[in-house]
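Observations on the three-dimensional arrangement
These are the residues of each chain, in order.
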Amino acid sequence: MPKLDLSQIPFKGGSSYPGKLAEAVGGRFKKGVGDAGGLTQFGVNIVRLEPQALSSLRHYHMEQDEFAIMLSGTCVLIDDDGEHEMQPGDCAAWPAGEANGHHLVNKTDAPATFLVVGTRTPTETCFYSDLDMMVKDEGNTFTRKDGSPLTADQIGDDND
């Protein structure tokens, strides 16, 4: 089994969220360790959240399991059951199809990191709990939950 040199795998920022929704995760950076190791059946990323950053918009997956374990710092897991402090070693699991919108938030003044593992499936539907938004498959085509296009008001895009 090849050992990965984490110092050679860069953290990358950015988001596929449309319009100004991407700003919500501007302080999130991920290191694709699974991709670097050639894994294809599931994704493995080390995620770094800068102070006050979100891991994602609150969401849940219909076909993909998701698992996270805190590595350093402190985050707050926010899901449908409330807020839960996450310290190094704390884990959380979200089975596919369980409609429990979740994300991690770094509410501290120091960076935090966690490892996240998720299934890769040929198709997927992901719903966003706090927005009328979903995304299907790998195309990152975001729509309203009924499949209609997002509006400029929804994504904060003044150009539409």
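Residues numbered from 1 in each chain as written. Predicted model: local features only at pLDDT ≥ 70, side-chain atom pairs only at ≥ 80, totals over all residues. Heavy atoms only, no water.

Focus: the sheet that holds strand β8 (residues 103–105)
Spatially, the three strands line up as an open sheet ordered β6-β5-β8, and their pairing is antiparallel. Strands at the two margins of the open sheet, each flanked by one partner only, are β6 (82–86) and β8. Averaged over all adjacent pairs, the angle separating strand axes in this sheet is 30 degrees, with direction ignored. Pairing geometry for strand β5 (residues 75–79) and β6, over five bridges, is antiparallel. Paired with isoleucine 78 across the strands is glutamate 83, a residue of β6. (Pairing = 2+ DSSP bridges. Helix = DSSP H or I, 4+ residues; strand = E, 2+ residues; numbered from the N terminus. Axes fitted to C-alpha atoms, helices over the stretch in contact; angles between N-to-C directions.)

Overview of the environment of glutamate 63
Among the secondary structure elements, glutamate 63 is positioned in the loop between β3 (59–61) and β4 (66–72). With 24 residues separating them in the primary sequence, glutamate 63 and leucine 39 have C-alpha atoms 19 Å apart. In contact with glutamate 63, other than residues within four places in its own chain, are Ala96, Thr121, Thr123, Glu124 and Thr125. Separated by 2.8 Å, the side chains of glutamate 63 and threonine 123 make a polar contact. (Contact = heavy atoms within 4.5 Å. Polar contact = N/O pair within 3.5 Å; in protein donor to acceptor, adjacent residues only side chain to side chain.)

Remarks on the packing of aromatic side chains
Summed over the entire model, instances satisfying the criterion amount to four aromatic pairs. Plain terms: the ring middles of tyrosine 17 and phenylalanine 142 are 5.9 Å apart, the flat faces sit at 65 degrees to each other, and that makes the pair edge-to-face. Within this pair, whereas tyrosine 17 is found in the segment before β1 (28–31), its partner phenylalanine 142 is found in strand β12 (residues 141–143), the two being separated by 125 residues in sequence. Take tyrosine 17 and phenylalanine 142: they sit in the same class, and that class is buried. What links up through ring pairs into an aromatic cluster is the set Tyr17, Tyr128 and Phe142. The side chain of arginine 48 reaches across the aromatic face of phenylalanine 11, ending 4.7 Å from its centre. (Phe/Tyr/Trp six-rings, centres within 6.5 Å; stacked < 30°, edge-to-face > 60°. Buried < 20%, exposed > 50% of the residue type's maximum accessible area, 1.4 Å probe, protein only. Lys NZ or Arg CZ within 6 Å of the ring centre and 35° of its normal.)

A look at the nonpolar core
Ranked by internal contacts, the top residues of the largest apolar core, which has 15 residues, are Tyr17, Leu21, Leu57, Tyr128, Met133 and Phe142. Counting only elements with at least two residues in this core, the list comes to β5, β10 (125–128) and β11 (133–136). Apart from the residues within four sequence positions on either side, phenylalanine 142 is in contact with Ser16, Tyr17, Pro18, Tyr128, Met133, Met134, Val135 and Leu150. Of all hydrophobic cores here, the second largest spans 14 residues; its members include Ala68, Cys75, Ala112 and Val116. (Core = buried A, V, L, I, M, F, W, Y, C linked by side-chain atoms within 4.5 Å.)

What to know about the sheet that holds β10
Strand order in the open sheet formed by four strands is β3-β10-β11-β12, with antiparallel pairing between adjacent strands. Only two strands of the sheet have a single partner each, and these edge strands are β3 and β12. Between one strand and the next, the sheet's axes are offset by a mean angle of 20 degrees, whatever the strand orientation.

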